[in-house]
Amino acid sequence: MTDKTPAAGGPVADLSTAPLPTEDTLRKRRSIPLQLARFAAYNARIMRMVIKGH
Amino acid sequence: MADVVILGAGISGHTAALHLRRKLGRGSEHTVTVVSPNSKWNWIPSNIWVGVGKMGKPDVVFPLEPVYRKKGIGFRQAKAVALWPEGDADDPRGAVDVEYTGQGRAGTTERIRYDYLVNATGPKLRFEATPGLGPDGHSLSVCTADHATEAARSLTETIERLRAGEEQTLVVGMGHGTCTCEGAAFEYVFNVDHELREAGVRDRARLVYLTNEERLGDFGVDGMTFEEQGFQTSSEMWTASLFRERGVEAILGAHVTKVEEGVVHYETLDGEFHALAFDFAMLLPPFGGVGLAAYDAEGGDITDRLFAPSGFMKVDADYTAKPYEEWRAQDWPETYQTPGYDNIFAVGIAFAPPHQISRPRTSANGTPIAPAPPRTGMPSGVMGKTAAMTIYDRIKHGAHAEAHRASMAHMGAACVASAGADLRTGSAAAMTMMPVVPDYARYPTGRDLAATRGEIGLSGHWVKLMLHHLFLHKAKARLGWQFIPE
Ligand SMILES: Cc1cc2nc3c(=O)[nH]c(=O)nc-3n(C[C@H](O)[C@H](O)[C@H](O)COP(=O)(O)OP(=O)(O)OC[C@H]3O[C@@H](n4cnc5c(N)ncnc54)[C@H](O)[C@@H]3O)c2cc1C
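Residues numbered from 1 in each chain as written. Chains lettered and ligands numbered in written order. Predicted model: local features only at pLDDT ≥ 70, side-chain atom pairs only at ≥ 80, totals over all residues. Heavy atoms only, no water.

Engineer: Provide a residue-level description of the pairing of strand β12 (residues 205–210) of chain B, including the pertinent values.
Structural biologist: All names here are of chain B. By the criterion of burial, β12 is predominantly enclosed, with 6 of the 6 residues buried. Of the two faces of β12, the one carrying Ala-205, Leu-207 and Tyr-209 and the one carrying Arg-206, Val-208 and Leu-210 are both buried. As defined by bridge partners, strand β11 (residues 168–174) adjoins β12 across 6 bridges and the pair is classed as parallel. If you follow Gly-173 over to β12, its bridge partner there is Leu-210. As a crossover connection, the stretch from β11 through helix α6 (residues 182–198) into β12 is right-handed. Of the strand pairs in this sheet, β12 and strand β15 (residues 248–251) are connected by 4 bridges, and their pairing is parallel. (Buried < 20%, exposed > 50% of the residue type's maximum accessible area, 1.4 Å probe, protein only. Helix = DSSP H or I, 4+ residues; strand = E, 2+ residues; numbered from the N terminus. Pairing = 2+ DSSP bridges. Right-handed = clockwise from strand over helix to strand, strands pointing away.)

Set out below in structure tokens:
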């Protein structure tokens, strides 16, 4: 049966309990020195996948 | 002398052609010929950026012919239509019928003989599976660079209406209950959110992620377990957190039944039917095989022997039907060789998977609603190279040389949703998983926790940009291309 109120659009998942990042986390996501370290870690992880999986 | 024919010039076929030519040597007597209907190569992951106007089509495509000329690879701008794996009445060698789409021969056909064949034809975009779906219907796509260009145009118009004070609903997701490529829709919704914020109109926009996944973070791989700060968390929590933070609404376990002008109709796992009005909708199509036929030497139809009903080509997978609880990593193919023909391989999206990776589900009305298994870029490239190495060994050392192996139960994958044009202000949500197909016999959570991670931050944006430039460099076969991993 079609929902009579299309704009509402039916069941939307309840995300109200999903954790929200703290100010500190948001700052870290933008911090250039920290993200440079994450960039290196990410590339190391990809290289590990390449070596183990190819 | 051996003739190798590769069908398809996407990630897997192009990788196979370049490596095979490199190994065989440019001046060798052996031929490598690529058959593909499109004259251009497309770095498909960057279509996401084209779809929000951050890049143009010329940034993500380049002509194939000059690369193949430089490397000594033959190129037929044509689409394969039929295989003759046992040859025909004139010649016992295998052959493939192709129909030209360019090179001044559009519409003409040719039968090309081969000693080895690689089927890397990728997906057929099956918009027709859902009435009204796709650019010829009422929704948009980012699967090709042209589709993405159209999506960007429509997004700009939507943003203009938001600027003018109107409220708008934007829907991004999957256009059918059996779609794959949830990662691409996730990337796109992340980018659309970013664009709306940049334009200062996010508060007037309702952004909805409509998906066939039963829970967020499934991504067609049955979700992932992450390890963070001494705890095991899930890709579900990671994705839900990101959506909550960005105000993206999620509709889960949905099978789109039809798309009308401004309205998407869908069924949910509980068997209820719903409709959602939209002003902008980017909904991906389900994938199928490109629909090649196959004949024996007498012209008898043997399509069923080589291809699954989905149109994907059968390979060395275990296709025995069994329940989810009995699925094993070993069900997945390793050599990509077609049963009964050790000179035919199917790689990338073209091979028939043994089953899904996500738990199969049906709605209360019996409609299947479950993601099909993704075959992402890294595994597709590795499979192409693996087939090329097997063919090289067989040409050099005889037809009985051992096949090289690369299972998706050993390979990893990366999915980076990255937004923004600027190195300092972009943002990204990046995932890596290893292996793609979980192996509970090797890892308690199915995957290697040291390599399976979700991260949010600027660094993912740099990774995505780096991959864009590296893979275009590699595909253009520029200096050192062979050292860039698949
Ligand atoms: C929008 C989008 C974003 C994505 N983002 C990512 C990502 O971030 N990371 C990732 O790992 N993966 C991503 N993917 C998935 C990735 O693009 C695929 O895994 C990859 O393209 C599969 O490679 P393939 O060679 O099998 O197929 P394709 O790359 O699709 O190539 C198929 C080739 O076959 C040709 N062909 C078609 N029909 C015929 C025929 N009859 N005869 C001969 N040739 C034919 C086509 O023209 C094409 O050249 C994304 C996909 C999409 C749609």
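There is more to say after this.
Engineer: Residue-level account of the sheet that holds strand β7 (residues 94–100) of chain B, with values.
Structural biologist: Residues and elements named next belong to chain B. Reading across the sheet, the 4 strands line up as β8-β7-β6-β21 and stay open at both edges, with mixed pairing between neighbours. Among the strands making up the open sheet, the edge pair consists of β8 (109–114) and β21 (293–294). For strand β6 (residues 78–84) and β21, the ladder comprises 2 bridges, and the chain directions are parallel. The partner of Leu-83 across the bridge, within β21, is Ala-294.

Engineer: A description of helix α10 (residues 458–475) of chain B should follow, citing residues and the corresponding values.
Structural biologist: Residues and elements named next belong to chain B. Given a rise of 1.5 Å per residue, 18 residues ought to cover 26 Å, and the 26 Å separating the end C-alpha atoms of α10 matches this to within 8%. The buried count for α10 comes to 13 of 18 residues, which makes it a mostly enclosed element. Ala-477 sits one or two residues past α10 and shows a positive phi near 55°. (Expected span 1.5 Å × (residues − 1).)

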